[in-house]
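Okay, here's what each chain looks like letter by letter:
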Amino acid sequence: ASDFNYSAFVTPSATIPPTPGGGSIPVDISKLDQRGKCLYSVAMDAYTELNETVMWPDGWTTESEKEGITVYSRAQRSAPNRLFLSESFFLCSLEDLFEVLYTQFEELSEWNRSVLHSEVVESLCSQLDLVYTVGVDGGGGLIKSRDFLTLRYWVKERDMIYIVSRDISDPVKPVCSKFPRGFNGPCGFVFFPSFDGSVKLTYVVNCDLKLPYIPQKVRTLLFNNRIRL
C-alpha cells in the first residue's frame, strides 16, 4: 500500500452521506432546472461507460509496475485514443480519499503534479458540478498546457464510490485564447475497501490530445506519468 500522506489534506469533518438501505445515493433531479437535468443525463451516461471500463477485463496491456502502482492501457472500440487505468492501494479511509479527490478539488495542484490550476465553477447539486482545470506542459514540451471544462458526478454504490468526469461544452466557461481546450471522455476514480483494510483505488484516464503526430511511445510515457497522480 502507498504511504502517501492524505492526512495533510484531510479535514476532521470529512464525511460521505450514508446510503439508504446500503444501496446508492439518488440525485433528486426534481430540484434541477432543464439545463441541470440535461447535464445529469450526460453524467449518468459517463458513469455507465466508466463502470463498463473498470469491469471489462479483456484487452488491457500492462504498461508499468512501480512504487505500488500498476498501470494498464488498451485500445477503445469507438475512439482513437487509448484508455489508461491505474490500480493502487492506500492506507486510509474511504472518507479521507473522497475528501482529497472530490471535496478539496481546488487544492488539486498541491499534490497532483499534472495540474496548474483547479476550481469549482458551478455546483448544480451535492453530487453534480462543473469544474475547470489547467494542466501542465507534457511530453518534454511537445504538448502544451491545456485547459478542461469538466462535468463531475459522484455516487456511492454500497461500499464502492465513483467520481465520474467527462468534458463538457458550456457557456459558464467559454474557450479562451490562452489555452487549447482539452477533451476527456468518460473517466475518473473508483475506490472501495480492500480485504486487508486498505482502500483500492482505480483511476481511469481517457484523454484525446487531438495531435496525431505525437509518437505512440511519447503518448504512453505521458499518460503513464499522469496516471500516477
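Description of the structure in this document. (Residues numbered from 1 in each chain as written. Predicted model: local features only at pLDDT ≥ 70, side-chain atom pairs only at ≥ 80, totals over all residues. Heavy atoms only, no water.)

**Re the overall build of the chain**
What the chain contains, in helices and strands, is three helices and 11 strands. Order of helices (α) and strands (β) in the chain, N terminus to C terminus: α-β-β-β-α-β-β-β-β-β-β-β-β-α. Scored against the burial criterion, the 229 residues of the chain give a buried share of 51%. Excluding contacts between residues fewer than 6 apart, the proportion of contacts in the chain whose partners are at least 24 apart in sequence is 58%. On the chain, roughly 11600 Å² of surface is accessible, and the fraction owed to carbon and sulfur atoms is 53%. (Helix = DSSP H or I, 4+ residues; strand = E, 2+ residues; numbered from the N terminus. Buried < 20%, exposed > 50% of the residue type's maximum accessible area, 1.4 Å probe, protein only. Contact = heavy atoms within 4.5 Å. Areas by Shrake-Rupley, 256 points an atom, 1.4 Å probe, with all protein chains shown as cover.)

**Details of the packing of aromatic side chains**
The full count for this structure, using the stated rule, is six aromatic pairs. Pairing Tyr-40 with Tyr-153 gives two aromatic rings, centres 6.0 Å apart and planes at 80°, and the pair type is edge-to-face. Taken together, the positions of Tyr-40 in helix α1 (residues 34–55) and Tyr-153 in strand β6 (residues 147–157) put the pair 113 residues apart, joining distant regions of the chain. According to the relative accessible area criterion, Tyr-40 is buried, its value standing at 17%. When its relative accessible area of 4% is taken as the criterion, Tyr-153 is described as buried. Taking the centre distance of 5.3 Å and the plane angle of 15° together, the rings of Phe-98 and Tyr-102 count as stacked. Of this pair, Phe-98 and Tyr-102 both sit in helix α2 (residues 94–103), four residues apart, which is roughly one turn of the helix. Here Phe-98 falls in the buried class, since its relative accessible area comes to 4%. Taken together, the aromatic side chains of Phe-98, Tyr-102 and Trp-154 make up a single cluster linked through ring pairs. Positioned above the aromatic ring of Trp-60 is the side chain of Arg-74, whose terminal nitrogen or guanidinium carbon lies 4.7 Å from the ring centre. (Phe/Tyr/Trp six-rings, centres within 6.5 Å; stacked < 30°, edge-to-face > 60°. Lys NZ or Arg CZ within 6 Å of the ring centre and 35° of its normal.)

**What about the environment of Asp-137?**
Mapping Asp-137 onto the fold places it in the loop between β5 (128–135) and β6. In this structure Asp-137 comes out as partly exposed when scored by relative accessible area, which is 46%. A C-alpha to C-alpha distance of 8.1 Å links Asp-137 and Ser-114, two positions 23 residues apart in sequence. Setting aside anything within four residues of it in sequence, one finds Asp-137 in contact with Ile-143, Lys-144 and Ser-145. A polar contact is formed between the side chain of Asp-137 and the backbone nitrogen of Ser-145, at a distance of 2.6 Å. (Polar contact = N/O pair within 3.5 Å; in protein donor to acceptor, adjacent residues only side chain to side chain.)

**Re unusual backbone geometry**
Backbone geometry places Glu-67, a non-glycine residue, at a positive phi of 55°. What makes Glu-67 exposed here is its relative accessible area of 66%. Not every positive phi belongs to a glycine, and Arg-158 is a case in point at roughly 55°. One can find Arg-158 in the loop between β6 and β7 (160–167).

**Topic: the pattern of salt bridges**
All chains considered together, the criterion is met by seven salt bridges. Measuring nitrogen to oxygen at the nearest pair gives 2.7 Å for the salt bridge that ties Arg-35 to Glu-122. Placement of Arg-35 in helix α1 and of Glu-122 in strand β4 (residues 115–125) is noted, with a sequence separation of 87 residues between them. We classify Arg-35 as partly exposed; its relative accessible area is 30%. Judged by its relative accessible area of 22%, Glu-122 falls in the partly exposed class. Put simply, Asp-167 and Arg-166 hold a salt bridge, and the shortest N to O gap is 3.7 Å. Classification of Asp-167 by relative accessible area gives buried; the value is 17%. (Salt bridge = Lys/Arg side-chain N within 4 Å of Asp/Glu carboxyl O.)

Function cannot be read off these values alone, since they describe shape.
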